[in-house]
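Single-letter residue listing:
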Amino acid sequence: LILRGSLYYNPKQLERAMKDLHKAIQLLPDDPAAYQLLAEALLRKGNTADALKNVDLALKKESSYVPAYITLGDIHMADSHIERAVEAYSRALTIDPNNFDARLRRAKLYMELNDYPKAVVDLDKAAKVNPYTGHVYLLRARCNELLGEKEKAKQDMWKARVFANR
């Protein structure tokens, strides 16, 4: 049911996903994945209050469940709580320093905060984890450009083009 609930994530089948995830929670009340996925579904519907309740339940079930911290960061982003989102992604990275999604999301937040040196650090680490993602290089090129690192920005743009076609 958890897998089936996560498969129906397209907008037209979100209700079915939520129904399956509610059933999964009834059958497996101690599984953090069902709560976390339900939180994601609720977030997609724009219901951040209930999404937050479910992600909190997931973290009570397993305090080191990285996907729940990423979803928590996404919820805080949706509510425009940037610093809380940074904290949530940072917590995910404390548990799993190689988590690409948390690394990329936090880098984007640092960019929004105009903290380009921190964004570059995260983007460097994201590129080491997943070196074939052109988007990482595109973001890093933008940061390097804003930091006055024109040659680095040029190299990153070249990499972004190379990996965008893969």
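The following refers to the structure shown. Source: prediction; values computed, not measured.

A separate point is unusual backbone geometry. Positive phi, normally seen in glycine, also occurs at Ser80, with a value near 60°. Mapped onto the secondary structure, Ser80 falls in the loop between α5 (66-78) and α6 (82-95).

Now for the packing of aromatic side chains. Evaluated as defined, the whole model comprises 2 aromatic pairs. With a centroid separation of 5.5 Å and 75° between ring planes, the pair formed by Tyr132 and Phe163 is classed as edge-to-face. Taken together, the positions of Tyr132 in the loop between α8 (116-129) and α9 (134-146) and Phe163 in helix α10 (residues 150-164) put the pair 31 residues apart, joining distant regions of the chain. By way of ring pairs, the aromatic residues Tyr132, Tyr137 and Phe163 are connected into one cluster.

With that out of the way, let us pick up the pattern of salt bridges. A full pass over the atoms with the stated rule returns 11 salt bridges. A salt bridge links Lys53 to Asp50; the shortest N-O distance between them is 3.6 Å. Taken together, the residues Lys53 and Asp50, both in helix α4 (residues 48-61) and 3 residues apart, mark about one turn of the helix. Lys53 gets classed as exposed once you look at its relative accessible area, which sits at 54%.

How each quantity is defined
Residues numbered from 1 in each chain as written. Predicted model: local features only at pLDDT ≥ 70, side-chain atom pairs only at ≥ 80, totals over all residues. Heavy atoms only, no water. Helix = DSSP H or I, 4+ residues; strand = E, 2+ residues; numbered from the N terminus. Phe/Tyr/Trp six-rings, centres within 6.5 Å; stacked < 30°, edge-to-face > 60°. Salt bridge = Lys/Arg side-chain N within 4 Å of Asp/Glu carboxyl O. Buried < 20%, exposed > 50% of the residue type's maximum accessible area, 1.4 Å probe, protein only.

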